[in-house]
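Working through the structure, step by step
Listed here are the chains, written in short residue letters.
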Amino acid sequence: MTDGLVVVGAGGMGRETIDVARAAGREVVGVVDDGPSSADLDRLARSGVAHLGDLDGWLSSGSTTPWVVAVGDPTLRRRLAARLVRVAAPAPALVHPAATLGSDVLIGDGTIVCAGVRVSTHVRLGRHDHLLSNAVVGHDVVVGDHVSINPGAVVSGAVRIGADTMIGAGATVLQQLTVGARSVVGAGACVVHDVTDDVVVRGVPAR
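The rules behind each value
- Residues numbered from 1 in each chain as written.
- Predicted model: local features only at pLDDT ≥ 70, side-chain atom pairs only at ≥ 80, totals over all residues.
- Heavy atoms only, no water.
- Helix = DSSP H or I, 4+ residues; strand = E, 2+ residues; numbered from the N terminus.
- Rg over C-alpha atoms; globule rule 2.2 N^0.38 Å.
- Buried < 20%, exposed > 50% of the residue type's maximum accessible area, 1.4 Å probe, protein only.
- Contact = heavy atoms within 4.5 Å.
- Pairing = 2+ DSSP bridges.
- Arc of directions from axis to C-beta.
- Polar contact = N/O pair within 3.5 Å; in protein donor to acceptor, adjacent residues only side chain to side chain.
- Core = buried A, V, L, I, M, F, W, Y, C linked by side-chain atoms within 4.5 Å.
- Salt bridge = Lys/Arg side-chain N within 4 Å of Asp/Glu carboxyl O.

1. Topic: the overall build of the chain
A count of helices and strands for the chain gives 4 helices and 21 strands. The C-alpha atoms of the chain give 17 Å as radius of gyration, which agrees with the globular expectation for 207 residues (17 Å, within 12%). Here the C-alpha coordinates of the chain stretch approximately 45 × 30 × 30 Å along the principal axes. Relative to its 207 residues, the chain shows a buried fraction of 48%.

2. Quick look at the side chain of His-146
Within the fold, His-146 resides in the loop between β12 (142–143) and β13 (148–149). For His-146, the residues in contact, after removing those within four places along its chain, are Pro-74, Arg-77, Arg-78, Ala-81, Arg-127, His-128, Asp-129, Asp-164 and Thr-165.

3. Points about the sheet that holds strand β21 (residues 200–201)
Read from one edge to the other, the open sheet built from 7 strands follows the order β4-β7-β10-β13-β16-β19-β21, with strand pairing classed as parallel. Each edge of the open sheet carries a strand with a single partner, namely β4 (94–95) and β21.

4. So, helix α4 (residues 74–84)
Among the residues making up α4, those that are buried are Pro-74, Arg-77, Leu-80, Ala-81 and Leu-84. Mapping the buried residues of α4 onto a view down its axis gives an arc of 120°, with all of them on the same face. Capping the start of α4 is the job of one residue whose side-chain oxygen sits 3.2 Å from the backbone nitrogen of Thr-75: Asp-73.

5. Thoughts on the sheet that holds strand β5 (residues 100–101)
Judged by pairing direction, the sheet is parallel, and its 6 strands sit side by side in the order β5-β8-β11-β14-β17-β20 without closing on themselves. Among the strands making up the open sheet, the edge pair consists of β5 and β20 (190–191).

6. A word on the nonpolar core
Grouped burial of nonpolar side chains is what soluble globular proteins tend to show. In this structure, Ile-149, Ile-161, Ile-167, Val-185 and Val-191 are the most contacted members of the largest nonpolar core, which totals 29 residues. Residue contacts for Ile-161: discarding those within four places in its chain leaves Val-142, Val-143, Gly-144, Val-147, Ile-149, Val-155, Ile-167 and Val-179.

7. Observations regarding the environment of Arg-124
Looking at where Arg-124 falls in the secondary structure, it is placed in strand β9 (residues 123–125). The residues touching Arg-124, leaving out its near neighbours within four places in the chain, are Asp-104, Val-105, Leu-106, Val-141, Val-142 and Val-143.

8. Digging into the pattern of salt bridges
Counted by the stated rule, this structure contains 9 salt bridges. For the salt bridge of Arg-78 with Asp-164, the shortest nitrogen-to-oxygen distance reads 2.4 Å. With Arg-78 in helix α4 and Asp-164 in the loop between β15 (160–161) and β16 (166–167), the pair connects residues that are 86 residues apart, well separated along the chain. Take Arg-78: its relative accessible area is 32%, and that puts it in the partly exposed class. Residue Asp-104 is joined to Arg-124 by a salt bridge in which the shortest nitrogen-to-oxygen separation is 3.2 Å. Taken together, the residues Asp-104 in the loop between β5 and β6 (105–107) and Arg-124 in strand β9 connect sequence positions 20 residues apart. Within the structure, one salt-bridge network assembled from shared partners comprises Arg-15, Asp-40 and Arg-43.

Okay, structure coming up:
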């Protein structure tokens, strides 16, 4: 094992991140969460992972262990990362060995790439992004920080995605389009025109 990391978030994304980290050869020191459910604590225990307490307690502990934020909401993920980076550096990107990366792919720290993800060539992924199971990212795509690309979503070639944006499960963004910052593309939507900042689009075509 290489140096360990702390996962922030005990929910489903946190536990999926533990699996990605372990598959990538990283040791998970424990999980930080302000209010984990009893079910999540039980699931962590069955996985052999300790709950290290709440965020304030961990931040004040003096730990310099690298961390990754495994919280689905992009805006909350950004806020948590801004607090955490004051005391410790984020972990390098976690990439499941069952993901496929093309040539010339740059991935920012704290980003999580789950099993089954396919990333094409000449792609730039930001910091603290989540690429979930079986998402596809085409060639020449640029993704901002704190973006979620949910399971089965397809981002076609030469797309630009702004920071803090969520691409819903099974959604498709057609080639050479821009999806603005802090926007949401609904599950199953098909984006055929540029999407501005701070909007929610749904449907086929997405409106």
